[in-house]
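# Chains, contacts and geometry: an overview
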Amino acid sequence: MISFEGRGRRLTGVAVAALATTALLGGCAAGAPQAEGDDTTLNAIFLPAAWGTVVKEQLAPQYEAETGVKVNVELIARDAIHEKMATLFAGQDSSYDIFNLDYNWIPEFGQGGHLVPLDDVVEDPSDFLPLSLEVATWGDQLLGIPQTVHPAVLWYNSALYNDPETQAAYQEKTGDALTVPATMDEWFEQVKFFDGREFNGQTLSGWAAQAAKGFGNVHTWLSFAFSYDCQPFDADFTESTLSSPECIEATQRWADMMQYMPAGANELTYDNVTAAAQQGTIATAIQWSWGQFATDDPATSQTVGQWEIAPMPAGPGGTSAGHLAAWVISVSKYSTKVDEAKKFAAWLETKENDVFQAKNGAGDPVRISSYEADELLSETLPDTDVPRFRRLATTLEAMQSAQPRPRFAGEEIWETTLSTELSAISLGERSVEEGLKRADEAQNRNLSD
Amino acid sequence: MSTSTQIGARAAVTPLGPRPGRRPGRRPVHAGRYAVMFPGLLFLAAFAIYPTIYSLVISLTKWRVTTGEEPRFVGLENYATLLADEAFWNSVRVTVVFVVFAVLIEFLLAFGLALLFFRNFPGDKVMRALILMPMLVAPVAVGLLARFSLEPTFGIVNQLLRAVGLPTTEFLGSPALALPTLIAIDVWQWTPFLFLILLAAMQGIPEEVIEASKLDGASWPRIIWHQFLPLLKYPILVGVLLRLIDSFRVYDIVFMTTRGGPVDATSTMSWQIYDVGFRSFTISYAAAYSWLLLILVLLVVNTLLRRMSSGTER
């Protein structure tokens, strides 16, 4: 048995214990970024999407070469960014200086006072898409610099729409010419027509869109809701208004159309929809504008150059409004290097870098001038004359009418609540009216808390 | 009793004097021992005792961390709200169904497999290693694997089903199938764990016991029922308890496959705690949820232990 009863041994024991304790506590800090204790190193968290990868692999090294300021970029999944921000902010932790935010978190973290205003560092703000700035603003302060926008738009397979046999069959069946649908009713007719047809050796589904529980089904539903003039809340966010006639009509159409999605519709994620488009197994889709680039990748897609985009088909009131997705760059209030962090965030979205990011597949640009950049518009797909950035004109058009998610601090909870009910509606577990009523009741309880 | 014996006995109870080298009047100090224990105690206090007490305190407040506001004491309000919350009772139901079926099936399969491997046969070592493999995979990886394999359009399982003329099945997207599918995934991964425990215990049963039973004319089913089960009682208890506790906490595969859906068909208590705590950041409500989960686990484990120990006393 080991004994430390001698004085020397006691001291040895204490020393061993102290070392062990130090090692133990030292290990607790292992997950935190290495603090280099000066203004020349920034720590940032970005989404592992193309816009985060471009920052990590290209722009941050370039910034270090130009300014001497090193930026450590960690790529972390969406939900994990949200979790990390909330816990770090609760502890007023200064480990990270810069965060990549889904814009619907701006009200939540803005209301908590965790983000630094960035109005003073944005270069030529009038060049930004107005909606991209609007969603990054809370309490009259710009709390995030827009990095990328992508409104939900209608994707359609142009090869299918231009196919003479398909056109003739559609004409024969409906009496109408097959054109890109401008209204929800036209689109629904076409979806029913396409569903189950054979094209290029594939059996088609009428359409596809994100529909998985969590946030996917809410994101797709919102494009229907906005196009049907449904607003989920009253103007000052004191009451949930999901049971309005407009919302019921929008939800009914969404639920009816769910029947024409591929098998396993209720599990469809963004990646599943993209994969289906690449395989050519769907005729149309509701997806983010930016995502179209994936269908042009010959390594993964059998439909290179075929997918085109159009604004959301208009609802009965003539409104065409896709749901807006956008990511912004924010600076933590608890950063010890706020000025340096602000400079880097602003630099990422200079006119030059906005184009650079778009060119490298990092989402659609946030600056109006980028939509006219020759560098983007003149590029074609390899061995074709199909413009690589053919989506930009429609994206810019869609941005005129796109609408953001409800902008209030409890948006994430709202999405969870609504998502469960939409899941029940699409599976036929509840009627549209019953599901929306339950969502209303649950959300009103949340609002009253 | 002889005098010499009395003297000897007295000497035995006489307190010992100071040991050579130790100054008289000082109590022995075992600083070294305490010092060695200190890191462990510190670890326990920092990572188990303090968080447990802290979560209890938080559960008595109203606190949403992203608001920047301080927690406000509300007493038992969170618990009262929870007990009236339909989603809470659904999560209890889902969790209990998951735990009961997963652990029961795992036990039956593991027991059967252990009986099969109880006697050596050609290739048994290779097969045993193969059986144990799922247990070595991280649950997150298992969830991801399941999601891809069971995907309706491109997943290999549905492709195989279609190849033999069966219809596409939404294993994870159907409210009726999602929970049984998660149970099946759990069974696939954790049956090997119980198998390992039961096989080790079975191989520790003395051969004489089996031979004696055989000589008495007992059939194998009778030997299993009357000899194996009583002798394996404690290994079974340990294995089942560990699986029970682990199953109550099921989260990884839910996160990777269904995220609580479709609708709320797979919304387990752990998933709900994550959803409330780390999506809406209502930490106080999530803390209360966690305490109710802890109480439920303790109730079940305690009941099981009592039943087993009362059986022993009889």
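### What about the overall build of chain B?
If you tally the helices and strands in chain B, you get 14 helices and two strands. The buried share of chain B, taken over its 314 residues, is 40%. Pairs at least 24 residues apart make up 65% of the contacts formed inside chain B by residues separated by at least 6 positions. When the accessible surface of chain B is totalled, it reaches about 17,700 Å², and 70% of it is carbon and sulfur.

### What to know about the overall build of chain A
From N to C terminus, chain A includes 17 helices and twelve strands. Looking at chain A residue by residue over its 449 residues, the buried ones come to 57%. By sequence separation, contacts in chain A at least 24 residues apart represent 73% of the contacts at least 6 residues apart. Total accessible area on chain A stands at roughly 17,300 Å², and carbon and sulfur atoms take up 50% of it.

### Comments concerning the nonpolar core
Membership of the largest hydrophobic core comes to 138 residues, with the highest contact counts inside it found for W207(A), W221(A) and F344(A). Leave out the neighbours within four places in its chain, and F344(A) touches L42(A), V55(A), A60(A), Y63(A), V71(A) and I98(A). Residues F107(B), V240(B), L244(B) and Y274(B) belong to the second largest nonpolar core, which totals 64 residues.

### As for a negative patch on the surface
A grouping of E66(A), E352(A), D374(A) and E375(A) is seen on the molecular surface, where their side chains present a negatively charged patch. Within the secondary structure, E352(A) is located in helix α13 (residues 351–359).

### A short note on the pairing of strand β9 (residues 205–209) of chain A
Residues and elements named next belong to chain A. When you tally the buried positions in β9, you get five out of five residues, the bulk of the element. Pairing of β9 with strand β10 (residues 282–288), which is carried by four bridges, proceeds in the parallel orientation. Bridged to W207 within β10 is T284.

### A few points about the interface of chain B and chain A
Much of the literature gives interface size as the accessible area that the parts lose upon coming together. If you look at the interface, chain B gives 42 residues, while chain A gives 50 residues. Both sides together, the interface formed by chain B and chain A hides about 3,500 Å², and carbon and sulfur atoms give 59% of it. It is T66(B), V263(B) and R279(B) that lose the most area in chain B upon contact with chain A, and together they represent 20% of the buried surface on that side. On the surface where chain B and chain A come into contact, there are four salt bridges. The salt bridge partner of R64(B) is E108(A), with a shortest N-O separation of 3.3 Å. Summed over the shared surface of chain B and chain A, the result is 14 residue pairs in polar contact (both at pLDDT 80 or more).

### Section: the domain arrangement of chain B
All names here are of chain B. As assigned here, chain B comprises domain 1 (48–84 + 282–314) and domain 2 (85–281). Relative placement of domain 1 and domain 2: their C-alpha centres are 27 Å apart. Contacts between domain 1 and domain 2 engage 25 residues on the former and 23 residues on the latter. For the domain 1 and domain 2 pair, buried surface summed over both sides reaches about 2,100 Å², with 75% attributable to carbon and sulfur atoms.

### Side note on the pattern of salt bridges
All chains considered together, the criterion is met by 31 salt bridges over all chains. Note that R253(A) and D185(A) form a salt bridge whose closest N and O atoms lie 3.1 Å from each other. Placement of the pair is R253(A) in helix α10 (residues 245–258) and D185(A) in helix α8 (residues 184–194), with a sequence separation of 68 residues. For D185(A), a relative accessible area of 52% translates into the label exposed. In this structure, a network of salt bridges that share partners links the residues R78(A), D79(A), D102(A), R405(A), E412(A), E415(A), R259(B), D275(B) and R279(B).

### What to know about unusual backbone geometry
Along the chain, G261(B) connects to P262(B) via a cis peptide bond; the corresponding omega equals -5°. Along the chain, P262(B) falls in the loop between α12 (252–257) and α13 (269–278). Phi angles above zero are rare outside glycine, and N200(A) is one such case at about 50°. As for its position among the elements, N200(A) is in the loop between β7 (198–199) and β8 (202–203).

### Section: the domain arrangement of chain A
Residue and element names in this part refer to chain A. Taken domain by domain, chain A holds domain 1 (28–150 + 325–401) and domain 2 (152–323 + 410–448). Here the C-alpha centroids of domain 1 and domain 2 sit 28 Å apart. Taken together, the contact between domain 1 and domain 2 spans 23 residues of the former and 23 residues of the latter. Here domain 1 meets domain 2 over a buried area of about 1,800 Å², counting both sides, of which 56% is carbon and sulfur. Contact with domain 2 buries area across many residues of domain 1, yet H150, R390 and R391 alone supply 31% of it, more than any other trio. The tally of links between domain 1 and domain 2 comes to three salt bridges. Put simply, R390 and D296 hold a salt bridge, and the shortest N to O gap is 2.9 Å.

### Let's talk about the side chain of T66(B)
Residue position: T66(B) is located in the loop between β1 (61–62) and β2 (72–73). Exposure remark for T66(B): the relative accessible area of 2% places this residue in the buried category. Excluding residues that lie within four positions of it along the chain, T66(B) makes contacts with A86(A), E108(A), F109(A), G112(A), H114(A) and F281(B).

### Regarding the packing of aromatic side chains
The final tally for this structure, using the stated rule, is 44 aromatic pairs over all chains. Centroid distance Y63(A) to W347(A): 4.9 Å. Interplanar angle 50°. Geometry classified as tilted. One end of the pair, Y63(A), is in helix α2 (residues 50–67); the other, W347(A), is in helix α12 (residues 338–348), and 284 residues separate them in sequence. The residues Y63(A) and W347(A) share a single accessibility class, namely buried. When the centroid spacing of 6.2 Å and the interplanar angle of 25° are considered together, the rings of Y274(B) and F278(B) count as stacked. Of this pair, Y274(B) and F278(B) both sit in helix α13, four residues apart, roughly one helical turn. Note on Y274(B): relative accessible area 7%, which makes it buried.

Calculation notes
Throughout this document, residue positions are counted from 1 along each chain, in the order its sequence is written. The lettering of chains begins at A and the numbering of ligands begins at 1, in the order of writing. Per-residue local features of the predicted model are confined to residues with pLDDT of at least 70, and side-chain atom pairs are confined, for both listing and counting, to 80 or more; whole-chain, interface and lining totals are unaffected and use all residues. Side-chain numbers come from the whole structure's heavy atoms, not from hydrogens or water. Counting from the N terminus, the helices are DSSP H or I runs at least four residues long and the strands are E runs at least two residues long. Each residue gets one of three labels from its accessible area relative to the maximum for its type: buried under 20%, exposed over 50%, partly exposed in between, using a 1.4 Å probe on protein chains only. Throughout, a residue-residue contact means that at least one pair of heavy atoms, one from each residue, lies within 4.5 Å. The Shrake-Rupley method, run with a 1.4 Å probe, gives the accessible areas here. Residue values count only the displayed protein chains as cover. Only buried Ala, Val, Leu, Ile, Met, Phe, Trp, Tyr and Cys residues count toward a nonpolar core, and they belong to the same one when joined by side-chain atoms within 4.5 Å. Patch membership is restricted to residues that have no salt bridge and whose relative accessible area is over 30%. Joining uses 9 Å for like charges and 5 Å for the nonpolar side chains Val, Leu, Ile, Met, Phe, Trp and Tyr. By definition, a salt bridge exists where a carboxyl oxygen of Asp or Glu is found within 4 Å of a side-chain nitrogen of Lys or Arg. In this charge count, Lys and Arg are treated as positive and Asp and Glu as negative; neither His nor the chain ends contribute. For this purpose, a charge sits on NZ of Lys, CZ of Arg, CG of Asp or CD of Glu. Strands were regarded as paired on the criterion that DSSP finds at least two bridges between them. Note on terms: buried area is the combined drop in 1.4 Å-probe accessible area of two parts once they are placed together, counting the loss on both. We call two N or O atoms a polar contact when they sit within 3.5 Å, provided that within protein one can donate a hydrogen and the other can accept it, with sequence-adjacent residues counted only if both atoms are side-chain atoms. Each domain span listed reflects an automatic or database assignment of domains. Pairing of aromatic side chains requires ring centres within 6.5 Å, counting the rings of Phe and Tyr and the six-membered ring of Trp. Pairs whose planes differ by under 30 degrees are stacked, by over 60 edge-to-face, and all others tilted.

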